[in-house]
Amino acid sequence: MPVEVALARLLEMAEASRIVERERLPLAQVQGRVLAEDLLSTLDLPPWPNSAMDGYALRTADWTGEPLVVSQKVFAGQAPDPLQPGTCARIFTGAPVPAGADCVEMQENAEVQTDERVRFTQALSQGQNIRPQGQEATVGELILPAGTRLGPIEQGLAASLGYAELEVVRKVRVAVLSTGDELVEPGQTLGPGQIYNSNRVLLCSWLQRLGCEVVDAGILPDDLQTTRSRLGELKDVDLILSTGGVSVGEADFLGIALREEGELTLWKLAIKPGKPLTFGHFRGVPVIGLPGNPASTLVTFALLTRPYLLRRQGVKEVEPLKVQVPAGFDWPRPGNRREYLRGRLENGRATIYKNQSSGVLRSAAWADGLVEVLEGRTLVQGDSVFFIPLSEVLS
Ligand code: AMP
Ligand code: MG
């Protein structure tokens, strides 16, 4: 199954189970959350014409070459009087422009005479150095639509409109399960055949960055009875996210449990790393089963699970930005799956980590992005490839 088909199906299912509950939060706490209602402008921004410079406000028609008297001084935060005809006003950046003035000249182009009148050395034009009322927003205008993900910039924008609180979609609750008899938590001693569980902390931490509420459900042994009962305990979550145990041919206890008490779709994705992926539900709770190899977990989480989680919160733009860059490597053998190589930009070219095995998480720590190589494609250095910065998907 091509990656985009799998993504389209996941997004459809996410859409069908959109989270509708919302909560009202102080502006400082909405980082990473999703706006639940359209944000409209409550005012004209700026509320009045103001000066973009430190200088002098005047009516252009009053400037005949004869120096002008300074009739008032306006600092930011003050309310000026209307401009007396035939005079100018000393004004500072951000201060309201007095009624009657139609331009601001910067102080560098003004000469103060010994009699304190001011002469302007350059030609003046109407509107210069004035930030017009409502240039950024006007009352009632749609500023951010519902479904916008909120970050520092949106928080700043909402603050500029006077919002102290915002209505956001409640957090998605995700249970993280690692499956495999071989798994041991860091801090414990490894026995024969055992490895440390890396996916658990990777996913829990990533989900937190995405603004999810994480239920850490620990390690699930490869055993049907335990799988059934542990899945049954995870009733109050929006998604069960498991890793491992989805490879074809292995005793797939997650799959068996889903078939018995829910639904299972096993996808063979045309993606590398990360071919097998499970989607279904257990007693009505959606389940996504990612492949266990850490690099596979990472790629399928970034490209499929993350968009799914965002769409469940009503986010429209869920796919990461890709940039086109020249390849800094050769790719002589075409693959039958779309590859996401862990790579870096060096001098504007995409280079790749020397070992692209799906078990090697170090490749991703070295990398700062995923280099997309399409199915059936060969490359020589300089050919164009898409690069997805990891920063695009990590938050
Ligand atoms: P599986 O999908 O269960 O066949 O696992 C594929 C590979 O990923 C095996 O080498 C597993 O040992 C490894 N693996 C599975 N889960 C984890 C995990 N949580 N942390 C590290 N490696 C894992
Ligand atoms: Mg396993």
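This text goes with the structure placed above it.
Rules used in this analysis
- Residues numbered from 1 in each chain as written.
- Chains lettered and ligands numbered in written order.
- Predicted model: local features only at pLDDT ≥ 70, side-chain atom pairs only at ≥ 80, totals over all residues.
- Heavy atoms only, no water.
- Buried < 20%, exposed > 50% of the residue type's maximum accessible area, 1.4 Å probe, protein only.
- Helix = DSSP H or I, 4+ residues; strand = E, 2+ residues; numbered from the N terminus.
- Pairing = 2+ DSSP bridges.
- Contact = heavy atoms within 4.5 Å.
- Salt bridge = Lys/Arg side-chain N within 4 Å of Asp/Glu carboxyl O.

A.B. asks: I'm lost on the pairing of strand 25 (residues 369-373) in this one. Help?
C.D. replies: The two faces of a sheet get side chains in turn, since along a regular strand they alternate between them. In terms of burial, strand 25 is largely enclosed, as 5 of its 5 residues are buried. Burial along strand 25 is two-sided: the face carrying G369, V371 and V373 and the face carrying L370 and E372 are both buried. Of the pairings in the sheet, the one linking strand 23 (residues 338-346) to strand 25 comprises 5 bridges and is antiparallel in character. Within the sheet, the bridge partner assigned to G343 lies in strand 25 and is G369. For strand 25 and strand 26 (residues 384-389), the ladder comprises 4 bridges, and the chain directions are antiparallel. The partner of G369 across the bridge, within strand 26, is P389.

A.B. asks: In this structure, what is going on with helix 5 (residues 253-261)? I would like to understand it.
C.D. replies: Every α-helical turn comprises 3.6 residues, leaving residues that sit three or four positions apart pointing alike. F253, L254, G255, A257 and L258 are the residues of helix 5 that are buried. Against the buried residues of helix 5 lie helix 4 (224-233), strand 17 (239-243), strand 18 (262-268), strand 20 (276-282) and strand 21 (285-290).

A.B. asks: Looking at this structure, how should I read the pattern of salt bridges?
C.D. replies: Note that side chains of opposite charge can pair when their charged atoms are close. In this structure the tally under the stated criterion is 22 salt bridges. Note that E23 is salt-bridged to R33, the shortest N-O span being 2.5 Å. Taken together, the residues span a long stretch of sequence, with E23 in strand 1 (residues 22-26) and R33 in the loop between strand 1 and strand 2 (39-40) at a distance of 10 residues. The exposure class assigned to E23 is partly exposed, which follows from its relative accessible area of 30%. Notably, a salt bridge pairs E375 with R338, separated by 3.0 Å at the nearest N-O pair. On the criterion of sequence distance, the pair formed by E375 in the loop between strand 25 and strand 26 and R338 in strand 23 is long-range, its members being 37 residues apart. Judged by relative accessible area, which is 30%, E375 ranks as partly exposed.

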